[in-house]
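Analysis of the macromolecular model
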Amino acid sequence: METVYFKGKECHTLGSFPKIGDKARYFSLVSSSFKEIELCDYKGKRIVLNIFPSIDTDVCAMAVRKFNEMASLLDNTIVLCISMDLPFAASRFCAAEGIDNVIVASAFRSQVFGRKYGVELIDGPLSGLFARGVIVIDETLIVRYSELVNEITTEPNYEACYHSLRII
């Protein structure tokens, strides 16, 4: 169990957030075209997992925009923007914003991702959604950067994430 905060109030997650050096945990998500996305689909590439509660919040939307910009600067790197949002909502947002360097991925079909990655909120007003976090996985599926954002209403450390991608 991890502890994070939503507007200063303590919330908890189910499971534990991956740490640097861990092997990435298997997942299966759903793309904007309702196709299955699995971790193994991206072996040999660097993978950024941008995990958040909902694209319909200002902070989450800003993070997707910033990761879209970051993805345009990086070679051999895939950015997955992961939430419980339905693929329709994420696709609509990306189309309206001209976002095309990231892949939106939904965990709406299965709770497994949230539990395996320790981001499923189990109490508080966002219970059932995901806490905010960023994970960088290298080409061999090892975690090289791990940030579970302490206060869900704040943005992740983009600079630290980008730096981690430049050194692997």
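Here's what I pulled together on the structure shown here. (Residues numbered from 1 in each chain as written. Predicted model: local features only at pLDDT ≥ 70, side-chain atom pairs only at ≥ 80, totals over all residues. Heavy atoms only, no water.)

Inspection of helix H2 (residues 87-97) places Pro87, Ala89, Ala90, Phe93 and Cys94 among the buried residues, and these make up the whole buried set. Burial along H2 is one-sided: seen end-on, the buried residues are contained in an arc of 165 degrees. Structural note: H2 exposes Phe88, Arg92, Ala95 and Ala96 on the side pointing more than 90 degrees away from its buried face. Of the surrounding elements, those touching the buried residues of H2 are strand S3 (28-31), helix H1 (58-72) and strand S7 (103-106). (Buried < 20%, exposed > 50% of the residue type's maximum accessible area, 1.4 Å probe, protein only. Helix = DSSP H or I, 4+ residues; strand = E, 2+ residues; numbered from the N terminus. Arc of directions from axis to C-beta. Contact = heavy atoms within 4.5 Å.)

Okay, H1 next. End to end, H1 covers 22 Å across 15 residues, agreeing with the expected 21 Å (1.5 Å per residue, within 8%). For H1, the full list of buried residues reads Cys60, Ala61, Ala63, Val64, Phe67, Asn68, Met70 and Ala71. The inward-facing, buried residues of H1 abut strand S5 (46-51), strand S6 (77-83), H2, strand S9 (133-137) and helix H4 (158-167). (Expected span 1.5 Å × (residues − 1).)

Before going further, it helps to spend a moment on the pairing of S5. Burial runs high along S5: six of the six residues are buried. Across six bridges, the pairing between S5 and S6 is parallel. From the neighbouring strand, Leu49 faces S6, where its bridge partner is Leu80. Following the backbone out of S5, through H1 and into the adjacent parallel S6, one traces a crossover that is right-handed. Of the pairings in the sheet, the one linking S5 to S9 comprises five bridges and is antiparallel in character. The residue of S9 that forms the bridge with Leu49 is Ile135. (Pairing = 2+ DSSP bridges. Right-handed = clockwise from strand over helix to strand, strands pointing away.)

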